[in-house]
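# Chain and residue survey
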Amino acid sequence: MSISVSMNVNGKAVTQACPANTTLVDLLREKLQLTGTHVGCDTSQCGACTVHMNGRAIKACTILAAQCEGAEITTIEGLGDADNLHPMQEAFRECHGLQCGFCTPGMIMSAVDLVNREASLDETIIREGLEGNICRCTGYHNIVRAVETAARKMRN
Ligand code: FES
Ligand code: FES
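Thresholds applied
Residues numbered from 1 in each chain as written. Chains lettered and ligands numbered in written order. Predicted model: local features only at pLDDT ≥ 70, side-chain atom pairs only at ≥ 80, totals over all residues. Core = buried A, V, L, I, M, F, W, Y, C linked by C-beta atoms within 7 Å. Buried ≥ 20, exposed ≤ 12 C-beta atoms within 10 Å, placed from the backbone. Helix = DSSP H or I, 4+ residues; strand = E, 2+ residues; numbered from the N terminus. Domains from an automatic or database assignment. Pairing = 2+ DSSP bridges. Axes fitted to C-alpha atoms, helices over the stretch in contact; angles between N-to-C directions. Contact = placed C-beta atoms within 7 Å. Expected span 1.5 Å × (residues − 1).

### Observations regarding the nonpolar core
- Core analysis: the largest hydrophobic core is formed by 41 residues, its most contacted members being Ala60, Ile108, Ala111, Val147 and Ala150.
- Those elements that place two or more of their residues in this core are strand 1 (2-9), helix 1 (24-31), strand 4 (56-59), helix 2 (76-79), helix 3 (87-94), helix 4 (104-117) and helix 6 (141-155).
- Counting the residues that make up this core, at least three belong to each of domain 1 (2-79) and domain 2 (87-155).

Right, here's the structure in full:
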């Protein structure tokens, strides 16, 4: 069965026809060509598919597009661009918070949500807050440094 879903994606109103069982991540990647959102596991474990729904981080492989009717969705493409990086993107670059980059879009979206909802951060809170995002390359140390750095900039 095909349905029509309407939502706001990165500040633009979008109405898209899709099968009723289409996940949000498939809608973003396959229908809207927003391929910055990655699929690592497709079973809600790795966090590579993390986007923001109404300002909070969610795993886009775990929610149907139909459940996002009327929602505000932000993907990594909506956070910043090459000429105007978000402080979190800038900090990941400065602190070498990535290697292969596969986890990075989801890690950044989760990290921005973490900074927005935690009044103060330390290493333990950052590590626990990013538990749902798996990185196979970095060992996490530079990711923690990047989040600390970005949090200072975002709070200023
Ligand atoms: S692809 Fe969604 S959590 Fe791994
Ligand atoms: S940088 Fe490679 S998985 Fe995180």
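Once the structure has been displayed, the description carries forward.
### Regarding the sheet that holds strand 5 (residues 72-74)
- Pairing in this open sheet of 5 strands is mixed, and the strands run 2-1-5-3-4 from one edge to the other. With partners counted over all chains shown, the strands left at the sheet margins are strand 2 (12-19) and strand 4, one partner each. Going from strand to strand, the sheet's axes swing by 45° on average, the running direction of each strand aside.
- Note: strand 1 against strand 5, 2 bridges, orientation parallel.

### Quick notes on the domain arrangement of the protein chain
- Domain annotation for the protein chain reports domain 1 (2-79) and domain 2 (87-155).
- A separation of 21 Å is found between the C-alpha centroids of domain 1 and domain 2.
- Each partner contributes residues to the interface: domain 1 has 15 residues there, and domain 2 has 14 residues.
- For the side of domain 1 that touches domain 2, the secondary structure elements donating two or more residues are strand 3 (50-53), strand 4 and helix 2.

### Comments concerning helix 4
- Compared with the 20 Å implied by 1.5 Å per residue over 14 residues, the 20 Å span of helix 4 between its first and last C-alpha is a close match.
- Listing the buried residues of helix 4 in full gives Thr104, Pro105, Gly106, Met107, Ile108, Met109, Ser110, Ala111, Val112, Leu114 and Val115.
- Those residues of helix 4 hidden inside the fold are in contact with strand 3, strand 4, helix 2, helix 3, helix 5 (123-129) and helix 6.

### Some remarks on the pairing of strand 4
- Pairing of strand 3 with strand 4, which is carried by 4 bridges, proceeds in the antiparallel orientation. When the bridges of strand 4 are listed, Val51 appears paired with Ile58.
- Counting the residues between successive antiparallel strands, the hairpin from strand 3 to strand 4 contains 2 residues, one of them, Asn54, with a positive phi of roughly 50°.

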